[in-house]
Every structure is written in structure tokens, then in C-alpha cells.
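Coordinate inspection notes
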Amino acid sequence: MTNTARTLYEKIWDAHVVERRDDGTCLIYIDRHLVHEVTSPQAFESLRTSGRKVRRPDLTLAVPDHNLPTTPRRTATGARVPIADAESAQQLEALEANAPAFGIRYIGDADAEQGIVHVVGPEQGFSLPGATIVCGDSHTACHGGLGALAFGIGTSEVEHVLATQTLLLKQSKTMEVRVEGDLPAGLSSKDLILHIIGVVGTAGGTGHVIEYRGKVFEEMSIEGRLTVCNMSIEAGARAGLVAPDAKTIAYVQGRPMAPKGEAWDKAVAWWNSLRTDEGATFDKSVVINAADVQPTVTWGTSPEDTVAIGGVVPAPESFADASKQDAARKSLEYMGLTPGQRMDELEVQNIFIGSCTNSRIEDLRAAAEVLKGRKKHPNIKWAIIVPGSGLVKAQAEAEGLDKIFVEAGIEWREPGCSACLGMNPDKVPAGERCASTSNRNFVGRQGPGARTHLVSPAMAAAAAVTGKLTDVRSLTN
Amino acid sequence: MNPIRQVSGRAIPFGRKNVDTDVIIPARWLKTITREGLGKGAFEALREDPANIFDSAEFAGSPILIAGDNFGCGSSREHAAWALLDLGITCVIAPSFSDIFSGNAFKNGILTVCLPQEAIDRLMEVAQEQPIDIDLETQTVTTPFQDRFSFEIDPFRKHCLLEGLDEVGLTLARDAAIAAHEAKVAQNLPFLAGAA
């Protein structure tokens, strides 16, 4: 008898196959397409020159996020504050023109709903469990936190989806990351995913879609699941998934673009069937013991370069593989570190709390809990908190979180991608360290010469208070 | 897309593992609305070193790049592929590639060749002095020293690369099948059929 038990990924895949070719390549239908200003101009240009239309503008949502300065975008009289960088301004203008020209719904740079595409999609109910979701951005994996099959695509694929609402894909292999037991108190979803990437490595998930399984994920908030799935790409996997459950359904219900009435009932019935069948097998399985997870930080220039906050900078010779030893040497030189240095003694000069990984309300609450009644340390030259969307910003202000941040000496900004990547004015100066809640510590990612240490929101807040990387539990316990 | 059949010439013996897309093209270069001219920003941080391999008299303008495992990891920016093309690179040889990068490379007519590390080591050695030939038709990489390495490639990708086919045009021809899928979804999973 053939095994008909399927994984969650296989169920979503099967529901989206338009055609299967003899060589196994499938034409896959795309349910939702998010578009931002950086990876779309060339796609729209190609459509225009070839006389092609957008097949399903109603399944497409455009939001600018990468380039926007996080300082006020309108004057008191409502006039646009010009973007100083001419090329950034040009990309924004291109999206503002392309969206209406192709009939696509557009959320503007100063609209209340504007934000990072990966925060806006779930928040608006545009991203749904079981849907295929793409965007010209590798952190599209994020939406897998809702149980959607979501992945990043390049600009040619953006054009392909705009024109045909499909992609030609080979089915990925399946990988299970099973976390057993409970996370120790005071740890966050960010610590867990950094730990997982440290174990799996940045290429460990290549060719695979990860399903995160275990009680930890069942008990995790939707915000936490979005954080975990967001960084699947840092483990090499194009997509990550957590099976939708009652929490997911409660999260989606009532959002502006979520289904309603009879369609909602049908949706819930289908979503409840979206879990890996008993007896289904994964091509690869990684088991993590939750009790092993510590507040985690990165020391190097790859997201797999993780270490517990209580640990030390590793010696390059401690790695088995010669090429990893070489990479570690280069990383240490770039990061200005020497083997054996304690991580919790590293002084930082910059703090960034934001990005599609950690800019949701729960992240801001975690930072506020640490910062309440405290001040940033004199070492800290620059500290900003950038909400993921205008709605997150409004919610945080309604809860008074902004006051806590400002009283602590931290700037409270407008929503956008900000200092996660050096393509807007928010950059970390060369040679300085930043405790950052973003997702990549690559060379030059936060600006030329910037030294990034990836951390959770609570850990970034703790570093703001002490002026160095710090175990947040020493402040909260 | 230009058809690609053979790539012959000097190969840049780069060899580095886990080359991420921020190394290939830093974010500040992404503010363009065209595909051209990104070669200036390619490998920018590495090219600050005057002795870098990309600008050396010997390797500047070479059509082939040899790299280590997991080439092109990180972001989905297709600018990485455009930057390589603008440098004149139309073939990258490595033990493995990130999924998104290899798709982007393919869609721009860049051939990505996966070979085992031993073959890479040998090609790195040959590339110091001699040119390398890649033949897509026969799926082989050869050197003037009679080395011959075979590589695998997806038959559909091979066909598209050899013919320089436009994938969007090919898929648009499947309109009836796409419409049939849309009709089925509207019936069975109506909540996916349109964003409210």
C-alpha cells in the first residue's frame, strides 16, 4: 500500500498545482502577491515593453517599505517631505505610478496602514493560512507563521507572477525542525530561531521547506511564529511553516481583507485540515531540545555564527572545516573581535529594534518591559525603535509604549525597513557595533563597515540600558 | 534572454564559501529602476582592496566565476544576477547554490554549474593559468589538461537556456489551464479566490 499520509507543505502544494509536467516541474498558482518598490520597477517595465497586463490585480498588494526614511513623511499641512536621496525618491515614485497604472491596490507611504510588507500582509488579512504567498523579498518566508506557503522571489519571477499569477517550480524537499520540551523562562522566539540557525547552518535548509513542530510552537503567539518563519531563509530554506490552529484562526478573523460569511466558514473548515498527517515522513529531521536554548547573539557575519550570551567569541580553529575556519577569521577581523572575548562584555554604540523579523506589537511590548523606568547608557550614540506598520505604531502609542521609549532616550520612528539594510538613511557607522533585532549580520548590511549583533527585542533593550550585550534576565529577574 | 550554448574563457578562481547577495551587490546599489550598470557595485567591499581578483589584469572581464558552497545565499535580489552579467560573467561554477539565486541566474541566462568540491579544487588550480570550457549541450566542463567533468541540469532549464526562451511567454500560452484552476478554486476554496 502506498503511503498517502502527507505533510502540511505537500497538502498546500497539491492544492495549488495548475499543471504537472513530465519532468516533475509544476505550474503553481499564487494566491497573494506583495509588491514593494525595490524589486518591482524592472518587472513593471518589462510588462510595459511587452504589452502585457497584470492577470489578477485583485490578488496583488503594493506597499513601499525598503527605501522610506523613518522620519516624518508629511509636514503639518500634509505636504510630502521630499526624500533627500534622489534614487530612493525615484523608486517610490515608480511604485506610486505603476500600481494604479496596472490596477493594483496601493498603500501609500503616509497611509495609516503602511508598513513593512511582511507586517502589513498578515495585519490586513491579505495573508491567509494555506495560501501561496510571494514577494520579491526573501523574508516572505515570514507569512509561514500563519500556515501559508510563502517564499521570496526574484524580479523576473515578480514579472511572471504579475503576468500569469503562477510560477514554475520544482517541489521542495521537506524538513522538520522539531523542538522538544519548553523554552526556559525569559526567552523569546528570536532566541529560539537564532539557536536553530546555529544548529542547522545557513545552507542546512537549502532545497527544503521547513515545518516547525512541537509544543513550543503550539504555545507560541502568532507574532512569535512569524518571527521564527521569517528567518527560515537564514537557514537556507526558502519557506518555513507552522501549522494553522485555533490561534491562527482567531488572529485572522475580522481583519480587513480576511474572508467573511460563508467563505469564512469554508476557510476555517479547510484550515483545520491543514496539518501534517500522522505517518507522513520528512526528507530531513532536526531535533532541538528547548532546554538548551539560551538568550542568543551572533558574533560573526553569518546568521549561523550564534553563541549564548554567556559564551565567548569562538576560535577559528574550533571549527572542523578549513573553509569555515577561514570564514571565521575574516568575520572576526571585520567584527573587531578576538577569540575568547566574553560576549556579555562587548560594548555596543547603536541599538536597532525593528525589521520584518521583530517590529510587531509583541516585540515592542517586550522591549518596553525592559526599558520602563530606565535610561539608555551613555555609550549608546544612536538608538531607534521602528514599528513594523502604522497600525503597530498606533497600537503601541495607545498602550503608552512610545513614552517609555522616549523617556529612555530612544527615538520612536515611522514604519519601514529602516536599519535592517543600508538603503535608507538609517545606517550604522563603520566600525561601530549595533545590537539589532533584524535578520542578517552580513558584512556591510547595516552600512559599510557596520558590525551587527543579532538579538531579540528584549536583549536589544537590555543592551541599550547597559551599553553592552547583556543577558536580559539579569535586568528582569 | 540571450541563448547560451558554450562558455569559454578565463575563470575567476574566487573559491569563497557562503557568498551572500550583500557581498555580490550591497543594498545601496538596489535603488535603480533598470537592470543595467550594476557591475560597478559588484563585490564592492572586496574590490576596495586594489589587489582584488575581480579587477586584476588577468581576470577582469572573465566570463566564468568559480565559487565555494552555498553561492548567492541571503536576499532574493535579482540585482545579484544583473551585477554578475554586467561584469561579463555568464557562468558560475560551485558545489551548491542558494535556491533563489540559481532561479534568478537561470532567468537571466546565467548558467549555474554544480560540481563536487574535488572538481572545484581542480578547476581552481587550472584557472590560475588556463581557460576553461563549459558546454551546455553535452553538460561538460573541460580544461586544456584533458580534465572532463559532467554536470546535471534540469532538462527544462537546459532547453530554455539553449533556446533563450521567455518563460512568461511560455506560461501565458497555458492560459486555459490557469483559468480552469481559478474556476475550481472559486468553487472549492472561494476565500482564496479574491482578497476581500
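Residues numbered from 1 in each chain as written. Chains lettered and ligands numbered in written order. Predicted model: local features only at pLDDT ≥ 70, side-chain atom pairs only at ≥ 80, totals over all residues.

On to the UniProt feature "binding site: [4Fe-4S] cluster" (unreviewed entry) in chain A, then. All names here are of chain A. Using the residue numbers shown here, the UniProt feature "binding site: [4Fe-4S] cluster" (unreviewed entry) corresponds to C356, C417 and C420. Spanning 65 residues, the annotated positions come together in the fold, the maximum distance between their C-alpha atoms being 8.7 Å. Take C417: it is sitting in the loop between β17 (411–412) and β18 (433–436). Classification of C417 by C-beta neighbours within 10 Å gives buried; the count is 31. In this structure C417 touches D65, H66, I116, S355 and N424, once residues within four positions along its chain are discounted. By the secondary structure assignment, C420 is in the loop between β17 and β18. By C-beta crowding, C420 is classed as buried, having 29 other C-beta atoms within 10 Å. Setting aside chain neighbours within four positions, we find C420 in contact with G354, S355, S438 and N439. (UniProt positions renumbered as here; feature names shortened; annotations may be inferred. Helix = DSSP H or I, 4+ residues; strand = E, 2+ residues; numbered from the N terminus. Buried ≥ 20, exposed ≤ 12 C-beta atoms within 10 Å, placed from the backbone. Contact = placed C-beta atoms within 7 Å.)

Turning our eyes to something else, we now look at the UniProt feature "domain: Aconitase A/isopropylmalate dehydratase small subunit swivel" (unreviewed entry) in chain B. Following the UniProt record, one finds the feature "domain: Aconitase A/isopropylmalate dehydratase small subunit swivel" (unreviewed entry) at residues 2–117 of chain B. Helix and strand shares over residues 2–117 of chain B are 20% and 16% respectively, and the end C-alpha atoms of the span are 29 Å apart.

It is worth spelling out unusual backbone geometry at this point. In this model, A:S418 sits at a positive phi of 50°, which is unusual for a non-glycine residue. With respect to the helices, strands and loops of the structure, A:S418 is situated in the loop between β17 and β18. Here B:Q146, not a glycine, exhibits a phi torsion of approximately 70°, which is positive. Positionally, B:Q146 belongs in the loop between β7 (140–142) and β8 (148–150).

The description of two helices packed together rests on the angle between their axes and the distance between the axes. Residue and element names in this part refer to chain A. Here helix α2 (residues 41–50) crosses helix α5 (residues 155–164) at 50°, and the two axes come no closer than 8 Å. As summarised for this structure, α2 and α5 are arranged oblique, according to the angle between their axes. Along this stretch, α2 crosses α5, giving a crossing that reads as right-handed. Contacts from Q42, A43, S46 and L47 in α2 reach T155, V158, E159, L162 and A163 in α5. When grouped by side-chain class, the residues that make up the contact of α2 with α5 number 5 nonpolar, 3 polar and 1 charged. (Axes fitted to C-alpha atoms, helices over the stretch in contact; angles between N-to-C directions. Parallel < 35°, antiparallel > 145°, perpendicular 65-115°, else oblique. Left-handed = near helix turned anticlockwise from the far one by under 90°. Nonpolar A, V, L, I, M, F, W, Y, C, P; charged D, E, K, R; others polar.)

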